[in-house]
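# Descriptive structure summary
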Amino acid sequence: MPRQRTARLPALGHETQWPDGSSRSARALRARLVAVALVLVSLALITVYFRESSGGALHDAQRIGLSVLRPFEVAGERVSRPFRDAWGWASDLFDAKDENEKLRGQVEALRQELIQSRTAAQENDDLRRLLQYRDGPRFPDDYVGVATRVIARPPSAFKQEVVIAAGSNDGVSAYDPVVTEDGLVGLVTEVAPSAARVTLLTDQQSAVSAVVLQSGATGIVRHGPSSSTLVLDRVDKDKLVAVGDTVITSGWRVGELQSVFPYNIPIGTVTAVGQNDVDLYKRIQVTPLVDFESLGALIVLVRRTAPGER
Amino acid sequence: MIAVDVVKAAALLFLAAVLEVSLVSYLEIGEAHPEIVLVLLVSLALLRGPVLGALGGFWAGLVLDTASLGTLGLTSLLLTIAGFWCGRFGEATTRSSANPVLVAILLATVGVGTGSALLHFMLGETLPVSDFVVGVLLPSLALNLLLSYPVYGLARRLFPPAPKERRAMEVGAVG
(Lines give C-alpha, C1' and ligand atoms only; values in the text may rest on other atoms or scores of the structure.)
Protein backbone atom coordinates (compact mmCIF):
# COMPACT_ATOMS: atom_id res chain seq x y z
CA MET A 1 0.00 0.00 0.00
CA PRO A 2 1.61 3.27 -1.02
CA ARG A 3 2.23 5.80 1.67
CA GLN A 4 -0.10 8.75 1.54
CA ARG A 5 2.23 11.62 2.00
CA THR A 6 0.05 13.91 0.03
CA ALA A 7 0.82 16.69 2.44
CA ARG A 8 4.07 17.21 0.69
CA LEU A 9 3.07 17.93 -2.82
CA PRO A 10 4.53 21.32 -3.48
CA ALA A 11 5.65 20.11 -6.82
CA LEU A 12 2.15 20.58 -8.01
CA GLY A 13 2.65 24.23 -7.36
CA HIS A 14 -0.29 24.54 -5.04
CA GLU A 15 -0.43 25.30 -1.33
CA THR A 16 -1.88 22.31 0.57
CA GLN A 17 -5.00 23.07 2.48
CA TRP A 18 -6.87 21.54 5.44
CA PRO A 19 -10.64 21.23 5.43
CA ASP A 20 -10.96 24.26 7.68
CA GLY A 21 -9.40 26.29 4.95
CA SER A 22 -6.02 26.89 6.57
CA SER A 23 -2.85 25.99 4.75
CA ARG A 24 -0.22 23.68 6.24
CA SER A 25 2.33 26.40 6.66
CA ALA A 26 -0.20 28.61 8.38
CA ARG A 27 -1.11 25.83 10.77
CA ALA A 28 2.53 25.15 11.54
CA LEU A 29 3.13 28.83 12.15
CA ARG A 30 0.10 29.05 14.38
CA ALA A 31 1.26 26.01 16.35
CA ARG A 32 4.70 27.54 16.79
CA LEU A 33 3.22 30.81 17.92
CA VAL A 34 0.99 29.08 20.43
CA ALA A 35 3.88 27.03 21.78
CA VAL A 36 6.22 30.00 22.00
CA ALA A 37 3.55 32.05 23.73
CA LEU A 38 2.88 29.31 26.24
CA VAL A 39 6.58 28.83 26.89
CA LEU A 40 6.98 32.54 27.46
CA VAL A 41 4.00 32.56 29.80
CA SER A 42 5.51 29.63 31.68
CA LEU A 43 8.84 31.37 31.99
CA ALA A 44 7.09 34.51 33.16
CA LEU A 45 5.18 32.50 35.72
CA ILE A 46 8.37 30.91 37.04
CA THR A 47 10.13 34.25 37.20
CA VAL A 48 7.30 36.07 38.92
CA TYR A 49 6.67 33.16 41.26
CA PHE A 50 10.27 33.26 42.40
CA ARG A 51 10.59 36.97 42.66
CA GLU A 52 7.41 37.65 44.58
CA SER A 53 6.92 37.00 48.25
CA SER A 54 4.80 34.16 49.56
CA GLY A 55 1.93 36.57 49.84
CA GLY A 56 2.19 37.63 46.20
CA ALA A 57 -0.50 37.42 43.58
CA LEU A 58 0.67 34.18 42.01
CA HIS A 59 1.01 32.46 45.35
CA ASP A 60 -2.49 33.63 46.25
CA ALA A 61 -3.78 32.42 42.92
CA GLN A 62 -2.10 29.08 43.48
CA ARG A 63 -3.65 28.74 46.91
CA ILE A 64 -7.06 29.58 45.47
CA GLY A 65 -6.47 27.07 42.72
CA LEU A 66 -5.52 24.49 45.29
CA SER A 67 -8.69 25.15 47.27
CA VAL A 68 -10.64 24.68 44.04
CA LEU A 69 -8.78 21.49 43.33
CA ARG A 70 -9.12 20.22 46.86
CA PRO A 71 -12.59 18.63 46.45
CA PHE A 72 -11.35 16.82 43.39
CA GLU A 73 -8.25 15.70 45.22
CA VAL A 74 -10.33 14.51 48.16
CA ALA A 75 -12.66 12.66 45.82
CA GLY A 76 -9.71 11.22 43.96
CA GLU A 77 -8.12 10.22 47.23
CA ARG A 78 -11.28 8.46 48.37
CA VAL A 79 -11.77 6.70 45.09
CA SER A 80 -8.16 5.66 44.90
CA ARG A 81 -7.79 4.65 48.54
CA PRO A 82 -8.69 0.97 48.00
CA PHE A 83 -6.19 0.77 45.17
CA ARG A 84 -3.57 2.53 47.25
CA ASP A 85 -4.27 0.23 50.14
CA ALA A 86 -3.92 -2.77 47.87
CA TRP A 87 -0.68 -1.40 46.46
CA GLY A 88 0.51 -0.51 49.93
CA TRP A 89 -0.35 -3.97 51.18
CA ALA A 90 1.55 -5.58 48.32
CA SER A 91 4.57 -3.33 48.68
CA ASP A 92 4.50 -3.72 52.46
CA LEU A 93 4.54 -7.44 51.92
CA PHE A 94 7.71 -7.17 49.86
CA ASP A 95 9.16 -4.64 52.28
CA ALA A 96 8.28 -6.92 55.19
CA LYS A 97 10.08 -9.79 53.54
CA ASP A 98 13.15 -7.64 52.98
CA GLU A 99 12.89 -6.24 56.48
CA ASN A 100 12.51 -9.71 57.86
CA GLU A 101 15.72 -10.77 56.17
CA LYS A 102 17.51 -7.69 57.46
CA LEU A 103 16.18 -8.17 60.98
CA ARG A 104 17.21 -11.81 60.93
CA GLY A 105 20.69 -10.71 59.98
CA GLN A 106 20.70 -8.13 62.75
CA VAL A 107 19.45 -10.65 65.29
CA GLU A 108 22.21 -13.03 64.28
CA ALA A 109 24.83 -10.29 64.52
CA LEU A 110 23.50 -9.18 67.90
CA ARG A 111 23.45 -12.75 69.10
CA GLN A 112 27.10 -13.11 68.13
CA GLU A 113 27.90 -9.86 69.91
CA LEU A 114 25.98 -10.99 72.97
CA ILE A 115 27.84 -14.26 73.04
CA GLN A 116 31.16 -12.48 72.65
CA SER A 117 30.17 -10.01 75.32
CA ARG A 118 29.11 -12.72 77.72
CA THR A 119 32.21 -14.70 76.99
CA ALA A 120 34.36 -11.65 77.62
CA ALA A 121 32.49 -10.93 80.84
CA GLN A 122 32.89 -14.52 81.94
CA GLU A 123 36.57 -14.45 81.09
CA ASN A 124 36.92 -11.20 82.96
CA ASP A 125 35.28 -12.71 86.02
CA ASP A 126 37.44 -15.80 85.81
CA LEU A 127 40.63 -13.81 85.52
CA ARG A 128 39.58 -11.47 88.31
CA ARG A 129 38.96 -14.41 90.62
CA LEU A 130 42.26 -15.95 89.59
CA LEU A 131 44.05 -12.72 90.39
CA GLN A 132 42.34 -12.58 93.76
CA TYR A 133 43.40 -16.13 94.39
CA ARG A 134 46.97 -15.50 93.25
CA ASP A 135 47.29 -12.42 95.42
CA GLY A 136 45.43 -14.00 98.34
CA PRO A 137 46.75 -15.87 101.38
CA ARG A 138 45.77 -19.27 100.00
CA PHE A 139 48.24 -19.05 97.16
CA PRO A 140 51.32 -21.21 97.83
CA ASP A 141 54.37 -19.24 98.79
CA ASP A 142 57.03 -20.93 96.71
CA TYR A 143 55.18 -20.64 93.44
CA VAL A 144 54.55 -18.10 90.78
CA GLY A 145 51.19 -18.16 89.05
CA VAL A 146 51.06 -18.16 85.26
CA ALA A 147 47.56 -17.27 84.23
CA THR A 148 46.37 -18.95 81.08
CA ARG A 149 43.34 -20.30 79.30
CA VAL A 150 42.15 -23.60 78.02
CA ILE A 151 42.46 -23.52 74.24
CA ALA A 152 41.53 -27.07 73.42
CA ARG A 153 39.99 -30.11 74.92
CA PRO A 154 40.72 -33.19 72.85
CA PRO A 155 37.57 -35.25 72.53
CA SER A 156 38.64 -38.53 74.01
CA ALA A 157 36.76 -40.87 76.27
CA PHE A 158 39.99 -42.32 77.48
CA LYS A 159 41.92 -39.26 78.44
CA GLN A 160 40.94 -36.37 80.64
CA GLU A 161 43.21 -33.69 79.28
CA VAL A 162 43.14 -30.10 78.15
CA VAL A 163 45.54 -27.91 76.24
CA ILE A 164 46.42 -24.55 77.71
CA ALA A 165 47.77 -21.43 76.06
CA ALA A 166 50.96 -21.23 78.10
CA GLY A 167 54.13 -23.16 77.44
CA SER A 168 57.82 -23.21 78.06
CA ASN A 169 58.11 -19.64 76.80
CA ASP A 170 56.01 -18.63 79.78
CA GLY A 171 58.10 -20.63 82.21
CA VAL A 172 55.80 -23.62 82.33
CA SER A 173 57.50 -27.00 82.84
CA ALA A 174 56.36 -30.57 82.97
CA TYR A 175 54.76 -31.60 86.26
CA ASP A 176 53.78 -28.12 87.20
CA PRO A 177 50.46 -28.19 89.05
CA VAL A 178 47.50 -26.42 87.54
CA VAL A 179 44.81 -24.83 89.67
CA THR A 180 41.85 -22.53 89.62
CA GLU A 181 40.61 -20.38 92.43
CA ASP A 182 38.35 -23.31 93.36
CA GLY A 183 41.03 -25.93 93.65
CA LEU A 184 43.33 -28.39 91.98
CA VAL A 185 42.86 -29.08 88.30
CA GLY A 186 45.71 -31.37 87.34
CA LEU A 187 49.28 -31.52 86.22
CA VAL A 188 51.20 -30.33 83.19
CA THR A 189 52.32 -33.46 81.37
CA GLU A 190 53.57 -32.15 78.05
CA VAL A 191 55.07 -28.78 77.25
CA ALA A 192 55.48 -26.95 73.97
CA PRO A 193 56.92 -23.45 73.58
CA SER A 194 53.53 -21.77 73.56
CA ALA A 195 51.19 -24.42 74.83
CA ALA A 196 51.03 -27.28 77.23
CA ARG A 197 48.95 -30.33 77.90
CA VAL A 198 47.37 -30.69 81.30
CA THR A 199 46.24 -34.06 82.57
CA LEU A 200 43.23 -33.50 84.73
CA LEU A 201 42.69 -34.87 88.17
CA THR A 202 39.89 -37.02 86.83
CA ASP A 203 42.19 -38.86 84.42
CA GLN A 204 42.90 -42.50 85.13
CA GLN A 205 46.62 -41.81 85.36
CA SER A 206 46.29 -39.06 87.95
CA ALA A 207 47.03 -39.56 91.60
CA VAL A 208 47.49 -36.91 94.26
CA SER A 209 48.52 -37.36 97.84
CA ALA A 210 45.87 -35.68 99.92
CA VAL A 211 44.77 -35.08 103.45
CA VAL A 212 41.37 -34.58 105.02
CA LEU A 213 41.50 -31.12 106.47
CA GLN A 214 39.28 -31.81 109.49
CA SER A 215 40.80 -35.10 110.68
CA GLY A 216 44.26 -35.14 109.16
CA ALA A 217 43.61 -38.51 107.55
CA THR A 218 45.92 -38.95 104.58
CA GLY A 219 45.39 -40.87 101.38
CA ILE A 220 45.63 -40.72 97.62
CA VAL A 221 43.04 -39.09 95.44
CA ARG A 222 42.38 -40.95 92.20
CA HIS A 223 39.74 -40.93 89.48
CA GLY A 224 36.36 -42.15 90.52
CA PRO A 225 33.73 -44.32 88.91
CA SER A 226 32.58 -41.43 86.77
CA SER A 227 34.41 -38.53 85.18
CA SER A 228 32.98 -36.11 87.70
CA THR A 229 33.88 -37.95 90.90
CA LEU A 230 37.09 -38.81 92.70
CA VAL A 231 38.02 -41.39 95.24
CA LEU A 232 40.19 -40.86 98.31
CA ASP A 233 42.08 -44.15 98.65
CA ARG A 234 44.47 -45.55 101.18
CA VAL A 235 42.81 -44.01 104.22
CA ASP A 236 43.12 -46.23 107.25
CA LYS A 237 39.93 -47.52 108.78
CA ASP A 238 40.74 -46.01 112.11
CA LYS A 239 40.79 -42.52 110.71
CA LEU A 240 37.68 -40.40 111.16
CA VAL A 241 36.30 -39.01 107.96
CA ALA A 242 32.84 -37.54 107.67
CA VAL A 243 30.68 -36.43 104.78
CA GLY A 244 31.30 -32.76 104.07
CA ASP A 245 34.96 -32.82 105.06
CA THR A 246 37.35 -30.99 102.80
CA VAL A 247 40.15 -32.78 101.04
CA ILE A 248 43.30 -30.83 100.25
CA THR A 249 46.72 -31.63 98.86
CA SER A 250 49.13 -32.92 101.48
CA GLY A 251 52.30 -31.54 99.86
CA TRP A 252 54.66 -34.01 101.52
CA ARG A 253 58.40 -33.65 101.60
CA VAL A 254 60.94 -36.31 102.48
CA GLY A 255 64.52 -35.14 102.37
CA GLU A 256 65.18 -33.88 98.90
CA LEU A 257 62.02 -35.43 97.58
CA GLN A 258 58.80 -33.58 97.67
CA SER A 259 55.37 -33.77 96.14
CA VAL A 260 54.84 -31.89 92.89
CA PHE A 261 51.70 -30.47 94.46
CA PRO A 262 52.13 -27.81 97.13
CA TYR A 263 50.34 -28.13 100.41
CA ASN A 264 46.82 -26.90 101.04
CA ILE A 265 45.33 -26.78 97.56
CA PRO A 266 41.66 -27.73 97.85
CA ILE A 267 40.67 -30.84 95.94
CA GLY A 268 37.11 -31.63 96.87
CA THR A 269 34.47 -32.44 99.44
CA VAL A 270 33.73 -35.82 100.90
CA THR A 271 30.32 -36.96 99.74
CA ALA A 272 30.28 -40.59 100.88
CA VAL A 273 32.24 -42.71 103.36
CA GLY A 274 32.05 -46.50 103.64
CA GLN A 275 34.04 -49.44 104.84
CA ASN A 276 33.65 -53.19 105.27
CA ASP A 277 35.49 -55.84 107.11
CA VAL A 278 37.38 -57.28 104.18
CA ASP A 279 38.74 -53.98 102.87
CA LEU A 280 42.00 -52.61 104.21
CA TYR A 281 40.98 -49.02 103.73
CA LYS A 282 37.94 -46.82 103.87
CA ARG A 283 35.91 -46.15 100.73
CA ILE A 284 35.66 -42.40 100.44
CA GLN A 285 34.00 -40.64 97.56
CA VAL A 286 35.05 -37.06 96.85
CA THR A 287 33.31 -34.53 94.68
CA PRO A 288 35.87 -32.18 93.16
CA LEU A 289 35.55 -28.50 93.81
CA VAL A 290 36.59 -27.70 90.27
CA ASP A 291 34.03 -28.05 87.53
CA PHE A 292 36.05 -29.99 84.99
CA GLU A 293 33.37 -29.66 82.35
CA SER A 294 33.69 -25.90 82.10
CA LEU A 295 37.30 -25.10 82.55
CA GLY A 296 38.26 -21.66 81.33
CA ALA A 297 40.93 -19.62 83.00
CA LEU A 298 43.62 -21.53 84.85
CA ILE A 299 46.78 -20.84 86.79
CA VAL A 300 49.91 -22.89 86.32
CA LEU A 301 51.93 -22.98 89.49
CA VAL A 302 55.56 -22.51 88.53
CA ARG A 303 57.98 -23.14 91.32
CA ARG A 304 60.29 -20.25 92.16
CA THR A 305 63.71 -21.48 91.24
CA ALA A 306 66.40 -21.02 93.83
CA PRO A 307 69.95 -20.40 92.56
CA GLY A 308 71.45 -23.68 91.44
CA GLU A 309 68.10 -25.41 91.35
CA ARG A 310 66.64 -26.85 88.15
CA MET B 1 -8.81 21.21 16.09
CA ILE B 2 -12.23 22.05 17.35
CA ALA B 3 -13.35 23.52 20.65
CA VAL B 4 -14.92 20.27 21.78
CA ASP B 5 -11.57 18.56 21.52
CA VAL B 6 -9.94 21.26 23.62
CA VAL B 7 -12.58 20.98 26.34
CA LYS B 8 -12.44 17.19 26.33
CA ALA B 9 -8.66 17.21 26.47
CA ALA B 10 -8.64 19.75 29.29
CA ALA B 11 -11.10 17.69 31.33
CA LEU B 12 -9.22 14.49 30.66
CA LEU B 13 -5.87 16.02 31.60
CA PHE B 14 -7.42 17.55 34.70
CA LEU B 15 -8.71 14.15 35.79
CA ALA B 16 -5.37 12.58 35.00
CA ALA B 17 -3.58 15.23 37.07
CA VAL B 18 -5.92 14.65 40.02
CA LEU B 19 -5.40 10.92 39.62
CA GLU B 20 -1.65 11.39 39.47
CA VAL B 21 -1.45 13.39 42.68
CA SER B 22 -3.96 11.25 44.56
CA LEU B 23 -3.18 7.72 43.42
CA VAL B 24 -0.37 7.29 40.97
CA SER B 25 2.15 9.16 43.09
CA TYR B 26 1.74 6.45 45.70
CA LEU B 27 2.67 3.73 43.26
CA GLU B 28 6.35 4.30 43.76
CA ILE B 29 9.00 2.05 42.40
CA GLY B 30 12.32 3.24 43.68
CA GLU B 31 11.97 7.00 43.61
CA ALA B 32 9.85 6.97 40.47
CA HIS B 33 6.18 6.68 39.71
CA PRO B 34 4.22 6.41 36.49
CA GLU B 35 3.57 9.78 34.86
CA ILE B 36 0.05 9.29 33.63
CA VAL B 37 -0.34 12.95 32.69
CA LEU B 38 2.70 12.88 30.47
CA VAL B 39 1.63 9.65 28.80
CA LEU B 40 -1.86 11.01 28.18
CA LEU B 41 -0.49 14.29 26.92
CA VAL B 42 1.80 12.52 24.47
CA SER B 43 -1.13 10.43 23.27
CA LEU B 44 -3.34 13.47 22.76
CA ALA B 45 -0.58 15.34 21.00
CA LEU B 46 0.03 12.43 18.67
CA LEU B 47 -3.67 12.26 17.89
CA ARG B 48 -4.47 15.96 17.65
CA GLY B 49 -1.29 17.78 16.80
CA PRO B 50 1.08 20.33 18.33
CA VAL B 51 -1.39 23.08 19.22
CA LEU B 52 -3.50 20.84 21.40
CA GLY B 53 -0.30 19.26 22.70
CA ALA B 54 1.12 22.61 23.76
CA LEU B 55 -2.16 23.86 25.23
CA GLY B 56 -2.76 20.58 27.02
CA GLY B 57 0.78 20.53 28.39
CA PHE B 58 0.48 24.05 29.70
CA TRP B 59 -2.87 23.31 31.34
CA ALA B 60 -1.81 20.00 32.85
CA GLY B 61 1.37 21.57 34.17
CA LEU B 62 -0.60 24.36 35.82
CA VAL B 63 -2.91 21.85 37.46
CA LEU B 64 -0.03 19.71 38.68
CA ASP B 65 1.92 22.68 40.01
CA THR B 66 -1.16 24.02 41.75
CA ALA B 67 -2.17 20.69 43.22
CA SER B 68 1.29 20.09 44.59
CA LEU B 69 2.00 23.74 45.50
CA GLY B 70 5.08 23.50 43.37
CA THR B 71 6.84 26.26 41.46
CA LEU B 72 4.12 27.63 39.25
CA GLY B 73 5.07 27.42 35.58
CA LEU B 74 7.83 24.85 35.96
CA THR B 75 5.85 21.79 34.94
CA SER B 76 3.87 23.87 32.48
CA LEU B 77 7.06 24.83 30.67
CA LEU B 78 8.23 21.25 30.39
CA LEU B 79 4.88 19.80 29.38
CA THR B 80 4.21 22.58 26.90
CA ILE B 81 7.41 21.81 25.08
CA ALA B 82 6.79 18.08 25.33
CA GLY B 83 3.24 18.40 24.02
CA PHE B 84 4.25 20.62 21.15
CA TRP B 85 7.14 18.40 20.16
CA CYS B 86 5.02 15.25 20.32
CA GLY B 87 2.38 16.90 18.17
CA ARG B 88 4.98 17.74 15.55
CA PHE B 89 6.43 14.27 15.89
CA GLY B 90 2.98 12.77 15.31
CA GLU B 91 2.40 14.86 12.23
CA ALA B 92 5.74 13.96 10.76
CA THR B 93 6.06 10.31 11.58
CA THR B 94 2.77 8.75 12.56
CA ARG B 95 2.27 7.07 9.27
CA SER B 96 5.85 6.01 8.77
CA SER B 97 7.02 4.90 12.19
CA ALA B 98 6.41 1.41 13.49
CA ASN B 99 5.84 2.40 17.10
CA PRO B 100 5.32 6.13 17.23
CA VAL B 101 3.65 5.97 20.63
CA LEU B 102 6.51 4.11 22.27
CA VAL B 103 9.12 6.30 20.62
CA ALA B 104 7.30 9.49 21.55
CA ILE B 105 6.77 8.45 25.15
CA LEU B 106 10.36 7.31 25.47
CA LEU B 107 11.71 10.58 24.15
CA ALA B 108 9.19 12.68 26.07
CA THR B 109 9.96 10.91 29.34
CA VAL B 110 13.69 11.34 28.90
CA GLY B 111 13.28 14.93 27.77
CA VAL B 112 10.89 15.97 30.53
CA GLY B 113 12.90 14.10 33.16
CA THR B 114 16.17 15.64 32.06
CA GLY B 115 14.62 19.07 31.67
CA SER B 116 13.07 18.80 35.10
CA ALA B 117 16.42 17.83 36.59
CA LEU B 118 18.13 20.74 34.85
CA LEU B 119 15.52 23.24 35.97
CA HIS B 120 15.64 21.99 39.53
CA PHE B 121 19.41 22.10 39.37
CA MET B 122 19.22 25.73 38.29
CA LEU B 123 16.83 26.38 41.14
CA GLY B 124 19.28 24.89 43.62
CA GLU B 125 17.68 21.48 44.13
CA THR B 126 20.25 18.87 43.17
CA LEU B 127 20.26 15.10 42.95
CA PRO B 128 23.27 12.91 42.14
CA VAL B 129 23.24 11.99 38.46
CA SER B 130 23.49 8.28 39.18
CA ASP B 131 20.55 8.46 41.59
CA PHE B 132 18.56 10.40 39.04
CA VAL B 133 19.27 8.07 36.14
CA VAL B 134 19.01 4.78 38.00
CA GLY B 135 16.48 5.67 40.67
CA VAL B 136 14.18 8.03 38.79
CA LEU B 137 14.60 8.16 35.05
CA LEU B 138 14.86 4.50 34.17
CA PRO B 139 12.01 3.31 36.43
CA SER B 140 9.82 6.17 35.18
CA LEU B 141 10.64 5.23 31.63
CA ALA B 142 9.71 1.62 32.21
CA LEU B 143 6.45 2.52 33.93
CA ASN B 144 5.49 5.07 31.30
CA LEU B 145 6.17 2.60 28.51
CA LEU B 146 3.99 0.09 30.32
CA LEU B 147 1.22 2.66 30.45
CA SER B 148 1.67 3.78 26.87
CA TYR B 149 -0.62 1.42 24.97
CA PRO B 150 -3.52 1.39 27.48
CA VAL B 151 -3.52 5.17 27.76
CA TYR B 152 -3.08 5.67 24.04
CA GLY B 153 -5.91 3.24 23.40
CA LEU B 154 -8.18 5.19 25.74
CA ALA B 155 -7.20 8.48 24.15
CA ARG B 156 -7.78 7.07 20.71
CA ARG B 157 -11.32 6.07 21.72
CA LEU B 158 -12.06 9.50 23.09
CA PHE B 159 -10.30 11.30 20.28
CA PRO B 160 -10.85 9.15 17.25
CA PRO B 161 -8.69 9.92 14.25
CA ALA B 162 -10.18 12.41 11.94
CA PRO B 163 -12.04 11.12 8.87
CA LYS B 164 -9.93 10.34 5.90
CA GLU B 165 -11.02 13.34 4.01
CA ARG B 166 -9.88 15.51 6.90
CA ARG B 167 -6.66 13.72 7.55
CA ALA B 168 -5.57 13.59 4.04
CA MET B 169 -4.31 16.75 2.65
CA GLU B 170 -6.23 18.21 -0.13
CA VAL B 171 -4.36 19.36 -3.07
CA GLY B 172 -5.84 22.57 -4.07
CA ALA B 173 -6.84 23.22 -7.62
CA VAL B 174 -6.22 19.63 -8.66
CA GLY B 175 -8.71 18.70 -11.16
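What counts as what
Residues numbered from 1 in each chain as written. Chains lettered and ligands numbered in written order. Predicted model: local features only at pLDDT ≥ 70, side-chain atom pairs only at ≥ 80, totals over all residues. Helix = DSSP H or I, 4+ residues; strand = E, 2+ residues; numbered from the N terminus. Buried ≥ 20, exposed ≤ 12 C-beta atoms within 10 Å, placed from the backbone. Contact = placed C-beta atoms within 7 Å. Pairing = 2+ DSSP bridges. Expected span 1.5 Å × (residues − 1). Bend = angle between axes of the 7 residues up to and from the residue. Axes fitted to C-alpha atoms, helices over the stretch in contact; angles between N-to-C directions. Parallel < 35°, antiparallel > 145°, perpendicular 65-115°, else oblique. Left-handed = near helix turned anticlockwise from the far one by under 90°. Nonpolar A, V, L, I, M, F, W, Y, C, P; charged D, E, K, R; others polar.

### Re the overall build of chain B
When its secondary structure is counted, chain B shows seven helices and zero strands. In chain B, the order of α-helices and β-strands from amino to carboxyl end is α-α-α-α-α-α-α. Per-residue burial for chain B yields a buried fraction of 46% across its 175 residues. Here the analysis covers contacts within chain B between residues at least 6 apart in sequence; of these, 72% occur between residues at least 24 apart.

### Focus on the pairing of strand S4 (residues 184-191) of chain A
Residues and elements named next belong to chain A. Within S4, six of the eight residues are buried, which leaves it mostly tucked inside the rest of the structure. Summarising the sheet, strand S3 (residues 177-179) and S4 pair through three bridges and their orientation is antiparallel. Across the sheet, the residue bridging to Val179 is Leu184, located in S4. Taken together, S3 and the strand that follows it, S4, pair antiparallel across an intervening segment of four residues. By the bridge criterion, five bridges tie S4 to strand S5 (residues 196-200) in an arrangement that is antiparallel. Across the sheet, the residue bridging to Val191 is Ala196, located in S5.

### A closer look at the pairing of strand S8 (residues 230-233) of chain A
All names here are of chain A. Burial along S8 is one-sided: the face carrying Leu230 and Leu232 is buried and the face carrying Val231 and Asp233 is not. The sheet contact formed by strand S7 (residues 218-223) and S8 spans four bridges and is antiparallel. Among the inter-strand pairings, Ile220 is bridged to a residue of S8, identified as Asp233. In this antiparallel pair of consecutive strands, S7 and S8, the connection spans six residues. Both S8 and strand S13 (residues 283-288) contribute to a ladder of three bridges, which runs antiparallel. For Leu232, the partnering residue across the bridge sits in S13 and is Ile284.

### As for helix H2 (residues 57-135) of chain A
For H2 of chain A, which comprises 79 residues, the first-to-last C-alpha distance of 86 Å sits more than 12% below the rise-based estimate of 117 Å (1.5 Å per residue). At Ser80 of chain A, H2 of chain A shows its maximal kink, close to 50°; a proline, Pro82 of chain A, follows between one and four residues later. Buried residues of H2 of chain A: Gln62, Gly76, Ser80 and Leu130 of chain A, and no others. Where H2 of chain A is buried, its residues meet strand S1 (143-152) and strand S14 (297-303) of chain A together with helix H1 (3-22) and helix H3 (50-67) of chain B.

### Quick look at the environment of Ser76 of chain B
Position of Ser76 of chain B relative to the elements: it lies in helix H4 (residues 74-93). Sequence-distant contacts of Ser76 of chain B, that is, excluding residues within four places in its chain, are made with Ser42 and Leu45 of chain A together with Phe58, Gly61, Leu62 and Asp65 of chain B.

### Considerations on unusual backbone geometry
Peptide bonds are mostly trans, and most non-glycine residues show a negative phi. Residues and elements named next belong to chain A. We note that Arg234 has phi near 65°; this positive angle belongs to a residue other than glycine. Looking at the secondary structure, you find Arg234 in the loop between S8 and strand S9 (246-249). For Arg234, a count of 18 C-beta atoms within 10 Å corresponds to the partly exposed category. One non-glycine residue with positive phi stands out, namely Asn264, at about 70°.

### Description of the sheet that holds strand S12 (residues 266-274) of chain A
Residue and element names in this part refer to chain A. Spatial ordering of the closed barrel is given by S6-S7-S8-S13-S12-S9, a layout of six strands whose pairing is antiparallel. Averaged over all neighbouring strand pairs, the angle between strand axes comes to 40°, with direction disregarded. Judged from the three bridges that link them, strand S6 (residues 208-212) and S9 form a sheet pairing that is antiparallel. The residue bridging Val211 from the neighbouring strand is Ile248, located in S9.

### So, the environment of Leu52 of chain B
Within the fold, Leu52 of chain B resides in helix H3. Sequence separation of Leu52 of chain B and Asp5 of chain B is 47 residues, and the distance between their C-alpha atoms is 8.4 Å.

### Details of the packing of H1 of chain B against helix H2 (residues 36-48) of chain B
All names here are of chain B. Put simply, H1 and H2 touch, their axes get as near as 9 Å, and they point 165° apart. The angle between the axes of H1 and H2 places the two elements in the roughly antiparallel class. Relative to H2, the crossing made by H1 is right-handed. Contacts between H1 and H2 involve Asp5, Ala9, Leu12, Leu13, Ala16, Ala17, Leu19 and Glu20 on the former and, on the latter, Ile36, Val37, Leu40, Leu41, Leu44 and Arg48. Counted by class, the contact of H1 with H2 contains 11 nonpolar, no polar and three charged residues.

### Structural notes on the sheet that holds strand S2 (residues 161-164) of chain A
Residue and element names in this part refer to chain A. Pairing is antiparallel around the closed barrel formed by six strands, whose spatial order is S1-S2-S5-S4-S3-S14. Shown here is a sheet whose adjacent strand axes are inclined to one another by a mean of 45°, direction ignored. Contacts between H2 and the sheet are confined to S1 and S14, with S14 contributing the most and set at about 30° to the helix.

Just distances and angles here, no functional claims.
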